[in-house]
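# Coordinates in review
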Amino acid sequence: MDEERFLATHLVYERRSNQRQRILEWFAEEVNPNVSDGETFDILSVGCGGGHLDVPIASTLFDRAVRLRYTGLDPNVVECESFARLWRAAALDEAHLEVVAESFEDFRASRSFDLIHFVHCLYYMPEPAAALERARQLLSPQGRLVVFQAPRGALNELAGRFYDKQYGRPTLFSEDLGVLLDDWGWEYERQRIDASLEVSPLFGTDRETGLALRDFIVQVDGRRLPAFVQELVERYLTSIRVRDGEEFRIAHPVDVFVMRE
Ligand SMILES: C[S@@+](CC[C@H](N)C(=O)[O-])C[C@H]1O[C@@H](n2cnc3c(N)ncnc32)[C@H](O)[C@@H]1O
């Protein structure tokens, strides 16, 4: 998918899931910046995307009168522009935003961070262990590293097949991340957050929304897929959907890992 299609389909997908709201609630409850007066709480969001999650996170902390410096990092230029736009619209001017349009591998930080988070972006990194090791080095003494990573499960059994092929490596789901951290010996807390994705347009008449949902699920511009693959995807999604009144839903959980310096 090109950058614009990725952002557009991601927005459609997230709007139909209650997972992002749950992630936001997690940040609101768990992140209590205990910086002393006059100090700044420094956050690095790796793979920040279009800012649709980060701007509400920043607003929540800003409302608590925390002096905030927020760095959003993403190689997708279209998403970085969206982030800066949303930040301006949220009138967070007194909090400092820096948007860095590059990959984490290329990022050269000039300071350490009190909180570094990776929300659904470790899958895309060629060397996730190296990325976590670098993030650890960028934490300030009391800093926390937070990773939101999807477990395998019905939806990702499908998504993973496409990701593995596209990126030429096995996709790191939360089960694999747990093994990686256990092998490494870095202590962590882990919590499952349940959520669901409303997928009715995949099976209804709103074709455009249905295609956007399908494309984001498999991370491929589906129009390029052979007809028989499109049919297999549709049959698989039909087999895992659950009726909820007039709607269809698919489980959309996420695991959160928290590591301390
Ligand atoms: C599924 S989106 C998640 C965006 C955002 N964290 C959210 O939850 O809304 C994954 C993001 O990771 C970014 N990404 C991919 N490779 C990356 C890399 N090597 N370094 C940093 N970000 C990367 C993508 O551009 C994309 O915006």
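Everything numeric in this text was worked out from a predicted model, so none of it was measured.

About the thresholds
- Residues numbered from 1 in each chain as written.
- Predicted model: local features only at pLDDT ≥ 70, side-chain atom pairs only at ≥ 80, totals over all residues.
- Heavy atoms only, no water.
- Helix = DSSP H or I, 4+ residues; strand = E, 2+ residues; numbered from the N terminus.
- Contact = heavy atoms within 4.5 Å.
- Near = heavy atom within 4 Å.
- Polar contact = N/O pair within 3.5 Å; in protein donor to acceptor, adjacent residues only side chain to side chain.
- Areas by Shrake-Rupley, 256 points an atom, 1.4 Å probe, with all protein chains shown as cover.
- Nonpolar A, V, L, I, M, F, W, Y, C, P; charged D, E, K, R; others polar.
- 1 Å grid on protein atoms, 1.4 Å probe; cavity = no way out; pocket = protein on both sides within 12 Å on 5 of 7 lines; lining within 4 Å.
- Points joined across faces, edges and corners; volume = space filled by probe spheres on them.
- Buried < 20%, exposed > 50% of the residue type's maximum accessible area, 1.4 Å probe, protein only.
- Pairing = 2+ DSSP bridges.
- Axes fitted to C-alpha atoms, helices over the stretch in contact; angles between N-to-C directions.
- Parallel < 35°, antiparallel > 145°, perpendicular 65-115°, else oblique.
- Left-handed = near helix turned anticlockwise from the far one by under 90°.
- Salt bridge = Lys/Arg side-chain N within 4 Å of Asp/Glu carboxyl O.
- pLDDT = per-residue confidence, 0-100.

## Quick word on the side chain of Gln19
Counting through the fold element by element, Gln19 comes out in helix H2 (residues 19-30). Residues in contact with Gln19, not counting those within four places in the same chain, are His120, Ala195, His252, Pro253 and Val254.

## Observations concerning the site of the ligand
Every one of the 20 residues lining the ligand counts as a neighbour, but Arg20, Gly47, Asp74, Glu79 and Glu105 are closest to it. Taking Glu105, its side chain carries an N or O atom lying 2.9 Å from a nitrogen atom of the ligand. Taking 590 Å² as the accessible area of the ligand by itself, protein coverage stands at 92%. Class assignment for the residues of the shell around the ligand results in ten nonpolar, six polar and four charged.

## A look at the layout of surface pockets
What the second largest pocket holds in volume is close to 330 Å³. If you trace the second largest pocket, you find 17 residues lining it, with Asn34, Phe41, Asp114, Gln142 and Gly143 closest to the centre. For the lining of the second largest pocket, the secondary-structure elements that each account for two or more residues are strand E4 (113-119) and strand E5 (139-149). Sort the elements by how many residues they give to the lining of the second largest pocket and E5 lands first, with five residues. Within the lining of the second largest pocket, the residues separate by chemical class into six nonpolar, five polar and six charged.

## Let's talk about the pairing of strand E10 (residues 254-260)
Of all seven residues in E10, six are buried, a share of seventy percent or more. Here five bridges tie strand E6 (residues 189-193) to E10, and the two strands are oriented antiparallel to one another. Across the sheet, residue Arg192 finds its bridge partner in E10, namely Asp255.

## Section: the side chain of Thr9
Mapped onto the elements of the fold, Thr9 is located in helix H1 (residues 3-15). In this structure, Thr9 is in contact with Met1, Ala212, Asp215 and Phe216, ignoring residues within four places of it in sequence.

## Observations concerning the packing of H2 against helix H3 (residues 54-63)
Viewed as axis vectors pointing N to C, H2 and H3 meet at an angle of 25°, and their least axial separation amounts to 10 Å. Between H2 and H3, the interaxial angle falls into the category roughly parallel. For the pair H2 and H3, the crossing hand works out as right-handed. On H3, the residues touching Leu24, Phe27 and Ala28 of H2 are Pro56, Ile57 and Thr60. By residue class, the composition of the contact of H2 with H3 is five nonpolar, one polar and no charged.

## Regarding the pattern of salt bridges
This model, assessed by the stated rule, comprises 13 salt bridges. The residue Glu198 makes a salt bridge to Arg16 at a minimum N-O spacing of 2.5 Å. On the criterion of sequence distance, the pair formed by Glu198 in strand E7 (residues 196-198) and Arg16 in the loop between H1 and H2 is long-range, its members being 182 residues apart. Given the relative accessible area of 25%, Arg16 is considered partly exposed. Close ionic contact of Glu247 with Arg249 constitutes a salt bridge, the shortest N to O distance being 3.2 Å. Given a relative accessible area of 30%, Glu247 falls into the partly exposed group. The structure contains a network of salt bridges with shared partners spanning Asp42, Arg69, Glu98 and Arg111.

## A few points about the confidence of the model for the protein
Interpreting fine coordinate detail is not advised for predicted regions of low pLDDT. Looking at the protein, the pLDDT average stands at 93 and 100% of residues meet or exceed 70. Mean pLDDT per element in the protein: H3 is the minimum at 89, and E6 is the maximum at 98.

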